[in-house]
Amino acid sequence: MVVIGVLGITACTPPKQKITYPPTDLSRAALIPKPLKVVPTHSAFGLDSKTMIYATPTDKGFEQVGQFLAEKIRSRLALDIPVNTTPAADIERIIYIHQTDSLPDDSPEAYQLYIKNDSILLNAKTAAGAFRGIQTLRQLIPEQSNDTLAPQPMWLIPSGKINDAPNFEYRGAMLDVARHFFTVEEVKKYIDILAYYKYNTFHMHLTDDQGWRLEIKSWPKLTEVGAQTEVGGGPGGFYTQEEFKELVAYAAERHMQIIPEVDMPGHTNAACFSYPILNGTGKQVKNYTGTRVGFSTFATRKDTVYAFLDDVIREITALSPGPFFHIGGDESHVTKKQNYIYFVEKVEEIVQRHGKRMIGWNEIAQANIDSSTVAQLWNEPHNALKAAAKGSKVILSPAKKAYLDMQYDSLSKHGLHWAAYIPVDDAYNWDPETYVEGLPRKSILGLEAPLWSETISNSAELEYLAFPRAIGYAELGWTPSEQRDWEDYKGRLAQQLAYLERLNVNFYRTKLVDWEGQ
Ligand code: TNX
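Definitions and limits used
Residues numbered from 1 in each chain as written. Predicted model: local features only at pLDDT ≥ 70, side-chain atom pairs only at ≥ 80, totals over all residues. Heavy atoms only, no water. Helix = DSSP H or I, 4+ residues; strand = E, 2+ residues; numbered from the N terminus. Rg over C-alpha atoms; globule rule 2.2 N^0.38 Å. Buried < 20%, exposed > 50% of the residue type's maximum accessible area, 1.4 Å probe, protein only. Contact = heavy atoms within 4.5 Å. Areas by Shrake-Rupley, 256 points an atom, 1.4 Å probe, with all protein chains shown as cover. Lys, Arg positive; Asp, Glu negative; His and termini not counted. Charge placed at Lys NZ, Arg CZ, Asp CG, Glu CD. Domains from an automatic or database assignment. Buried area = accessible area lost by both parts, 1.4 Å probe. Near = heavy atom within 4 Å. Polar contact = N/O pair within 3.5 Å; in protein donor to acceptor, adjacent residues only side chain to side chain. Nonpolar A, V, L, I, M, F, W, Y, C, P; charged D, E, K, R; others polar. Pairing = 2+ DSSP bridges. Axes fitted to C-alpha atoms, helices over the stretch in contact; angles between N-to-C directions.

### Brief notes about the overall build of the protein
- Scanning the protein for helices and strands turns up 15 helices and 16 strands.
- Over its C-alpha trace the protein gives a radius of gyration of 24 Å, about what one expects of a compact globule, namely 24 Å for 518 residues.
- Per-residue burial for the protein yields a buried fraction of 59% across its 518 residues.
- Of all intrachain contacts in the protein linking residues separated by at least 6 positions in sequence, the fraction that spans at least 24 positions is 72%.
- Total accessible area on the protein stands at roughly 19,900 Å², and carbon and sulfur atoms take up 52% of it.
- For the protein, the centre of its 53 positive side-chain charges and the centre of its 63 negative side-chain charges are spaced 2 Å apart.

Below, the structure written as structure tokens:
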């Protein structure tokens, strides 16, 4: 039994009081995304050295989720919590991560948390659901241990019940590693933060005019030649297949899929520079380090191009276990319309032959795409509607609302503004379900926030554009619109400060949020 002593409210009041409510009130916890249902019971679970984790041992995935939680507790609180070991004599409290098929929500990512004085029960159908629940738990652990009567440090987790499930099954973020290259470590850091906010998809824009970033063993010049450039003339770079697998595994540990994108038939200058036979413009190919778009194309009527793509898609799909392969398909301004359509249909066949579902930017809806193919809306609502009419699902990434590379305002240090300036409140205050008039809810697979990298080349710059907006998109993807409210959200966002600082995230300190007064 945890005996709560002083409730953590500091005796000598700092200039601005930080905690204005008891840390035992679960309904006031700064959870993002906001869970579906929270019922507080106004007591607390005391996380301390006498706690153990027990995860359904018959499901390896559940045990791994338990290990993940233990590792995060170890690195953050310096507490060593055993997982699935025979309880030591002094164990007093348990976190039970439990597989069960009986949950009120159908989603595989649904979970329930019952937090009591001496136990936390996390129910989930799948390890993915358990993982999402673990993120909620991590967000409930206070920054500081509380002042209790216990002899050892104790972190009080407010008690109560949480019932939660995502609104959309697809909640993604995209990183363009082609315009500027990002190292494996930089990508991992981004993935780790996204996982904390319950993203389940990381889309990698692996190729573009300025660089080809993934080793393809059957076409080695793609990286020997095509990876050595980036915007502004920097050194570029690429992932070996081993490194890419490492990223896939790192994401999988966080129950996130990686979606690889090879952008084509436009945006292919780096590939055509590596192998001029692929080029369909009839002009000599030079390498490209600028930021213009729409000047390159594959030769869509050449068999060699499809033989090449069969190799590329075979090698990449062998590295990525997820169900999707993204073919880009945007801004192919120098590809004739009938050739573009012919190309998309041929490539869809190749993707399907390799056992994957195709995704493409909204332009692909001009072709006769299969209903299993997914269209990603970025600029043309009419093409999203066209795709939906063909039975396809749509991912919403409207540039005016969801592009992480848009500047916050005219003073933003990085970013572009061709679609809009997107301040943090505008990024949050829209509804993906009604954004495209006439698009049925059942056609919406989910939401994705793309981060194009013309103006950024390292983690600090990436984080400046991504955060805090990506945290808001996490809530737009998870929490139904009736439960979203900017005023309430911005208070919870302010309380992400400690986490963001602990991870050394170079987020943009928008004045719309009272970071210090939280
Ligand atoms: C449009 S969005 C593009 C990208 C650019 C981006 C910059 C899309 C499918 N194509 O090639 O990087 O704008 O915001």
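### Observations concerning the domain arrangement of the protein
- Taken domain by domain, the protein comprises domain 1 (2-164) and domain 2 (170-482).
- Here the C-alpha centroids of domain 1 and domain 2 sit 36 Å apart.
- Residue-level contacts link 19 residues of domain 1 with 17 residues of domain 2.
- Both sides of the domain 1 and domain 2 interface together cover about 1,600 Å² of buried area, and 57% of this is carbon and sulfur.
- Area buried by domain 1 at its contact with domain 2 is led by Ile 32, Pro 33 and Arg 132, which between them contribute 34% of it.

### Here's the deal with the site of the ligand
- Near the ligand there are 14 residues, and of these Arg 179, Tyr 403, Asp 405, Trp 418 and Glu 454 occur at the shortest range.
- Separating a nitrogen atom of the ligand from a side-chain N or O atom of Glu 331 is a distance of 3.2 Å.
- Calculation on the ligand without its partners gives an accessible area of 360 Å², and the protein chains cover 97% of this total.
- Residues belonging to the shell around the ligand are distributed by class as follows: 8 nonpolar, 1 polar and 5 charged.

### Side note on the sheet that holds strand β11 (residues 257-264)
- Strand order around the closed barrel formed by 8 strands is β7-β8-β11-β12-β13-β14-β15-β16, with parallel pairing between neighbours. Strand-to-strand twist of the sheet, defined as the mean angle between neighbouring strand axes without regard to direction, takes the value 30°.
- Both strand β7 (residues 170-176) and strand β16 (residues 444-451) contribute to a ladder of 6 bridges, which runs parallel. Residue Ala 173 lies in a different strand from β16, and its bridge partner there is Ala 449.
- Across the sheet, helix α7 (residues 303-319) lies against β11 and β12 (324-328), angled at about 165° from β11, the strand it touches most.

### Overview of the environment of His 205
- Topologically, His 205 is positioned in strand β8 (residues 201-205).
- The class for His 205 is buried, based on a relative accessible area of 0%.
- Residues His 205 and Pro 450, 245 residues apart in the sequence, show an inter-C-alpha distance of 9.2 Å.
- Separated by 2.6 Å, the side chains of His 205 and Asp 208 make a polar contact.

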